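Commentary on secondary and tertiary structure
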Amino acid sequence: MRRSVGIALLLTLAWPLVLAGQGVAATDSLAKAASAASAANTVAINFVWTLVAGFLVMFMQAGFAMVETGFTRAKNAAHTITMNFMVYGIAMIAYWAIGFALQAGGVGALGTLGGYDKLAHEVSITIAGKEWGLFGGTGFFLTGVAYTAPVFAYFLFQMVFMDTAATIPTGALAERWKFSAFVVFSVFVGAFIYPIYANWTWGGGWLAMLGKNLGLGHGHVDFAGSSVVHMTGGVMAFVTAALLGPRRGKYNADGSVNAIPGHNIPMALIGTFILAFGWFGFNAGSTLAGSDLRIGVIATNTMLAGAAGGITSMLYMWFKYGKPDPSMLANGTLAGLVAITAPCAFVTAPSAVLIGGIAGVLVCVAVFFIDGKLHIDDPVGAISVHGVNGLWGILSLGLLADGTYGDGWNGVNGAVRGLFYGDASQFAAQLIGGAANIVGVGVMAFAAYKVTAFVVNGHRVAPEVEELGLDLPEMGALAYPDTHEIGSAVILSETASHGGGHLEPEPEAA
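Residues numbered from 1 in each chain as written. Predicted model: local features only at pLDDT ≥ 70, side-chain atom pairs only at ≥ 80, totals over all residues. Heavy atoms only, no water.

**A look at the overall build of the chain**
- Within the chain, the regular secondary structure consists of 15 helices and two strands.
- Taken as a whole, the chain presents about 21,200 Å² of accessible surface, with 71% of it coming from carbon and sulfur. (Helix = DSSP H or I, 4+ residues; strand = E, 2+ residues; numbered from the N terminus. Areas by Shrake-Rupley, 256 points an atom, 1.4 Å probe, with all protein chains shown as cover.)

**Details of the pattern of salt bridges**
- A full pass over the atoms with the stated rule returns six salt bridges.
- E175 is the salt-bridge partner of R73, the closest N and O atoms lying 2.9 Å from each other. Note that R73 is positioned in the loop between α1 (2–70) and α2 (77–104) and E175 in the loop between α3 (149–172) and α4 (179–202), a separation of 102 residues in sequence.
- The class for R73 is buried, based on a relative accessible area of 5%.
- A salt bridge links K118 to D117; its shortest N-O distance comes to 3.1 Å.
- Assessed through its relative accessible area of 57%, K118 is described here as exposed. (Salt bridge = Lys/Arg side-chain N within 4 Å of Asp/Glu carboxyl O. Buried < 20%, exposed > 50% of the residue type's maximum accessible area, 1.4 Å probe, protein only.)

**Focus: the packing of aromatic side chains**
- The final tally for this structure, using the stated rule, is 21 aromatic pairs.
- Plain terms: the ring middles of F157 and F161 are 4.7 Å apart, the flat faces sit at 40° to each other, and that makes the pair tilted. You can see F157 and its partner F161 sitting in helix α3, four residues apart, about one turn around the helix. When sorted by exposure, F157 lands in the same class as F161, which is buried. (Phe/Tyr/Trp six-rings, centres within 6.5 Å; stacked < 30°, edge-to-face > 60°.)

**Observations regarding the pairing of strand β2 (residues 130–136)**
- Relative to β2, strand β1 (residues 122–127) is paired through six bridges, and the arrangement is antiparallel. The residue of β2 that forms the bridge with T126 is E131.
- Where β1 hands over to β2, the hairpin turn is made up of two residues, of which A128 adopts a positive phi near 55°. (Pairing = 2+ DSSP bridges.)

**Side note on helix α10 (residues 349–373)**
- In this model, α10 (25 residues) spans 35 Å end to end at C-alpha, consistent with the 36 Å of a helix rising 1.5 Å per residue.
- Two residues or fewer after α10 comes H375, characterised by a positive phi angle close to 55°. (Expected span 1.5 Å × (residues − 1).)

**Side note on the nonpolar core**
- Judged by nonpolar contacts, the single largest core of 115 residues is most densely connected at F100, F161, Y194 and F346.
- Take this core: its biggest share by element is 13 residues, from α3.
- Beyond its immediate stretch of four places on either side in the chain, F161 contacts V57, Y194, W202, A224, V229, F282 and S286. (Core = buried A, V, L, I, M, F, W, Y, C linked by side-chain atoms within 4.5 Å. Contact = heavy atoms within 4.5 Å.)

**Structural notes on the side chain of T50**
- Along the chain, T50 falls in helix α1.
- Owing to a relative accessible area of 0%, T50 belongs among the buried residues under this scheme.
- Each residue touching T50, except ones within four places of it in the same chain, is listed here: L113, A153, F157, L288 and A289.

**Section: the confidence of the model for the chain**
- Chain-level statistics for the chain give a pLDDT mean of 92 and a share of 89% at 70 or above.
- Here residues 486–505 scores under 50 on pLDDT; set against residues more than four positions off or in separate chains, the count is 26 contacts. (pLDDT = per-residue confidence, 0-100.)

**Overview of the side chain of R247**
- Checked against the element boundaries, R247 lands in the loop between α6 (226–244) and α7 (265–284).
- Here R247 falls in the buried class, since its relative accessible area comes to 3%.
- Polar side-chain contacts of R247 include one of 2.4 Å to the side chain of E175.
- With residues up to four places along the chain from it excluded, the contact list for R247 reads R73, A174, E175, R176, I260, D377, P379, R460 and E466. (Polar contact = N/O pair within 3.5 Å; in protein donor to acceptor, adjacent residues only side chain to side chain.)

**Thoughts on unusual backbone geometry**
- The phi torsion at L142 lies on the positive side, around 55°, for a residue other than glycine.
- Note that L142 resides in the loop between β2 and α3.
- Taking relative accessible area as the criterion, L142 reaches 11% and is therefore assigned buried.
- Residues other than glycine seldom take positive phi values, yet N410 does so here, at roughly 55°.
- Within the secondary structure, N410 sits in the loop between α11 (382–400) and α12 (424–456).

**Topic: α4**
- In α4, a bend of some 50° at V189 exceeds every other bend along the element.
- Residue G204 follows α4 closely and has a positive phi angle near 90°. (Bend = angle between axes of the 7 residues up to and from the residue.)

**Some words on the packing of α10 against α11**
- One can describe the packing of α10 onto α11 by two numbers: an axis separation of 9 Å at closest approach and a directional angle of 145°. In the crossing of α10 with α11, the sense of the turn from one axis to the other is right-handed. Counted together, S351, L354, I355, I358, A359, L362, V363, A366, V367 and I370 of α10 and I383, S384, V385, V388, N389, W392, S396 and L400 of α11 form the full contact between these two elements.
- Of the residues belonging to the contact of α10 with α11, the class tally is 14 nonpolar, four polar and no charged. (Axes fitted to C-alpha atoms, helices over the stretch in contact; angles between N-to-C directions. Left-handed = near helix turned anticlockwise from the far one by under 90°. Nonpolar A, V, L, I, M, F, W, Y, C, P; charged D, E, K, R; others polar.)

**Observations regarding a nonpolar patch on the surface**
- Where nonpolar side chains cluster on the molecular surface, the patch consists of I311, L315, W318 and F319 and spans about 440 Å² of accessible area.
- We classify F319 as exposed; its relative accessible area is 71%. (Patch = residues over 30% accessible without salt bridge, like charges linked within 9 Å, V, L, I, M, F, W, Y side chains within 5 Å.)

**Looking at the environment of N213**
- When you line up the elements, N213 lands in helix α5 (residues 210–214).
- Using a relative accessible area of 15% as the deciding quantity, one classes N213 as buried.
- In this view, N213 contacts K130, E131 and W132; residues no more than four positions away in its chain are not counted.
- Polar side-chain contacts of N213 include one of 2.9 Å to the backbone oxygen of E131.

**Things to note about the environment of A39**
- Positionally, A39 belongs in helix α1.
- With relative accessibility at 43%, the residue A39 sits in the partly exposed group.
- C-alpha of A39 to C-alpha of G114: the two residues are 75 residues apart in sequence and 9.0 Å apart in space.

**Re the packing of α6 against α12**
- Interaxial distance between α6 and α12 falls to 9 Å at its minimum, and their mutual angle equals 45°. The pairing of α6 with α12 is recorded here as oblique in orientation. The element α6 and its partner α12 pack so that their crossing is right-handed. In contact with S227, M231, T232, V235, M236, V239, T240, L243 and L244 of α6, α12 contributes G434, N437, I438, V441, G442, A445, F446 and Y449. (Parallel < 35°, antiparallel > 145°, perpendicular 65-115°, else oblique.)

Have a look at this one:
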């Protein structure tokens, strides 16, 4: 009996200890499960955020189409908007087949999208014991990653960025570019030109490594694409527009400039609104993480810079020329958005307003300089908006990044700081990134232009086609069949008009 009582007392005393032990195990198990669920939810939020932002950027294509079509003449409207429509599919397929692998084949782990790390083949060279990446080498045709959701989400987001760059030359070359030349050149943009520079900056390439390898800040930093997207598009536009030559009637024999106004300013301004809306996906989406609360700062800085650019361009034109000029204030707004794209995550709100405000004036000055002094005909101001202000955007980051964000960027400890906040080397890295874009993208664009000319027998439409409008000869359909006005053509010089209906072709500029 005593023995039974003793056993019972022992069990009574031991039972709380058993329960306590089970409680610890249960607590640990629940904590681990909660942590895993939280991590999974974070990744899911990041996926949704990245995809929705990509959808917004894709819709920007409609904005570009309206801006470029509105800023060109009615007789070329179907041709201009069709280029904007088809560049999406043509450049996308080229990017899917080749470009994505060249850009992102060595990008490394996609941390915010679950950590997939098999895009790890970067083709590089070794100099002084340092690795310098040139281009990626895996992911062609999205093979080897079948149903790998992080790669597919990343591809979609990066593809629409590429498409933004690809559509910029269509505005600069509008109203005289053969559609067949546009098709071939767009393949080069999606397959090679954009992806290679994007790899240098965003794919682990040599510009990104300037910090780790040479101690230049965090390497070339471009948060959402002032250089990678906009400057790339602007440099391509500059090179190809210079090679293609101006529209007939744009310049007189004495070098004076004839204005060739667009046919639909309301369309262009509505397109600008669409672009400004899509820019929230462009910039804030570049976190690739809805869980990164910096998205609120990025979106607000984006909005402020665009507004400041529109205001300063309006005031500049108003004071200098007596009228605010709707087309220039639209381009001023876009210039502010382009400029803030690189530094949007790294600067304060006053800095964002300053960056956008300078961009608004800069675009006006650049348009008149490129048009009047360089005699490069850019119907929509693409070179000034995207090229000039893309460069200003990356330089402004090198000046005004305040050291509150970007710890570990490009593998460098500490947040990103610009020259005015103590890191002159970051400004040096930004200068190198801009110079590399001008030279690298410029050379690739020149080569692609020449190869395209060989393939399709030149870039420029015949003089008769340009004079009467590209819509029917090039596209087989008029944009406005009931109101088409041949009178919208620029009046030919007396010499050209004596040709009995046959115009001498203008040679493409050397």
